[in-house]
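An overview of the molecular structure
So the chains spell out like this:
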Amino acid sequence: MQQAMALCRTRGMSTDVKEDFVVKTFREHQAKVEGMMNALRNMDVPWGSANESKVKKFVKDMDAARKKVGVPTMFSQMDAYLRATMDYAGGNVRSFLIEADNRREELGIVDKVGGHRDLMAALDKVEKTIGRPLVKSDKEGMKLFREETRALKKKHKLDVPGLEEKAKVESAKVMLDDIKSKMEEELEIIKRRDELENVDFDLANLKLGKSN
């Protein structure tokens with residue numbers, strides 16, 4: 001809602017038009033949220049990351065649900081976020097790389113090959129060569145930096161097909177393990193509160209939908 005209001009202000013809309021725009025944006029957002037929740041109720045959600053095939057199916061089902069209700073994929077949202085981050089950083093490449101790495105950690109994507117470390121080393125090398133901080137508008141510096149990143153892609157074999165799908169699965173595993181841990185904590189609280197210590201709850205049989 002706040003984002004919609006901010007957009008209205010930047011466009012110089014009248015009060016009535018602002019209200020109509022905000023209401024429309026809010027309703028569209030709510031419809032997408034409800035659509036995703038309805039889709040989740042009909043999904044086979046794997047509580048945890050132990051079953052690789054179930055996690056992959058969950059990722060596939062989530063992608064299909066997002067597409068159906070018009071919600072951008074995680075990577076589309078991340079791409080938009082990083083573009084905005086670069087603009088916010090004033091085009092400063094170092095600030096951008098640091099924020100991008102923070103975002104990667106938040107999404108649970110593991111940097112198994114040390115990509116961030118190598119990117120920062122490449123940036124250090126370029127900035128030492130040009131004698132100034134690298135910014136997006138610096139054509140000479142960005143040309144050198146792109147050459148360094150191409151070499152890193154080749155070194156770490158990052159151009160292979162399916163890399164994005166692997167990242168989606170890794171992110172989903174982190175999310176599902178986190179959900180499982182929190183649900184187990186909640187179940188323990190319920191068991192102690194209702195004196196059900198001898199009752200075992202199997203998360204594998206838990207469904208998000210309403211019981212019949």
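The text that follows walks through the structure, step by step, so that each part is easy to find. (Residues numbered from 1 in each chain as written. Predicted model: local features only at pLDDT ≥ 70, side-chain atom pairs only at ≥ 80, totals over all residues. Heavy atoms only, no water.)

1. Observations concerning a nonpolar patch on the surface
Stated precisely, the cut-off is as follows: To count toward a patch, a residue needs a relative accessible area above 30% and no salt bridge. Like charges then connect within 9 Å, nonpolar side chains (Val, Leu, Ile, Met, Phe, Trp, Tyr) within 5 Å. Computed with a 1.4 Å probe, the accessible areas rest on the Shrake-Rupley method; for each residue, only the protein chains presented here act as cover. The salt bridge definition used is simple: a Lys or Arg side-chain nitrogen within 4 Å of an Asp or Glu carboxyl oxygen. Runs of E in the DSSP output that reach at least two residues are strands. Runs of H or I that reach at least four are helices, and both are numbered from the N terminus.
A contiguous nonpolar surface patch, about 210 Å² in accessible area, is contributed by V113, L158 and L163. Considering the arrangement of structural elements, one finds V113 in the loop between α5 (93–106) and α6 (115–130).

2. Concerning the packing of α6 against helix α7 (residues 139–156)
Formally: Lines fitted to the C-alpha atoms define the axes, with helices restricted to the stretch that makes contact. Angles between their N-to-C directions range from 0 to 180 degrees. In this scheme, roughly parallel covers angles under 35 degrees and roughly antiparallel covers those over 145, while 65 to 115 is roughly perpendicular and the rest are oblique. Note: crossing handedness is left-handed where the near helix turns anticlockwise from the far helix by less than a right angle, and right-handed where it turns clockwise. Residues count as neighbours in contact if any of their non-hydrogen atoms are within 4.5 Å of one another.
In the contact formed by α6 and α7, the axes pass within 10 Å of each other and the chain directions differ by 150°. With respect to α7, the element α6 is oriented roughly antiparallel. In this structure, α6 meets α7 at a crossing whose hand is right-handed. Where α6 abuts α7, its residues D118, L119, A122, L123, K125, V126, T129 and I130 lie against E140, G141, L144, F145, E148, T149, L152, K155 and H156.

3. Observations concerning the nonpolar core
In summary, soluble globular proteins display a tendency toward joint burial of nonpolar side chains. Operational definition: The nonpolar core is taken to be a set of buried Ala, Val, Leu, Ile, Met, Phe, Trp, Tyr and Cys residues, with the residues joined through side-chain atoms within 4.5 Å. Here the term buried applies to any residue with accessible area under 20% of the maximum for its type, exposed to any over 50%, and partly exposed to those in between, with areas from a 1.4 Å probe on protein chains only.
Ranked by internal contacts, the top residues of the largest apolar core, which has 18 residues, are V93, L97, L123, L134 and F145. Contributing elements (two or more residues each) for this core: α4 (74–88), α5, α6 and α7. Sort the elements by how many residues they give to this core and α6 lands first, with 5 residues. Residues L40, V55, F58 and V59 belong to the second largest nonpolar core, which totals 13 residues.

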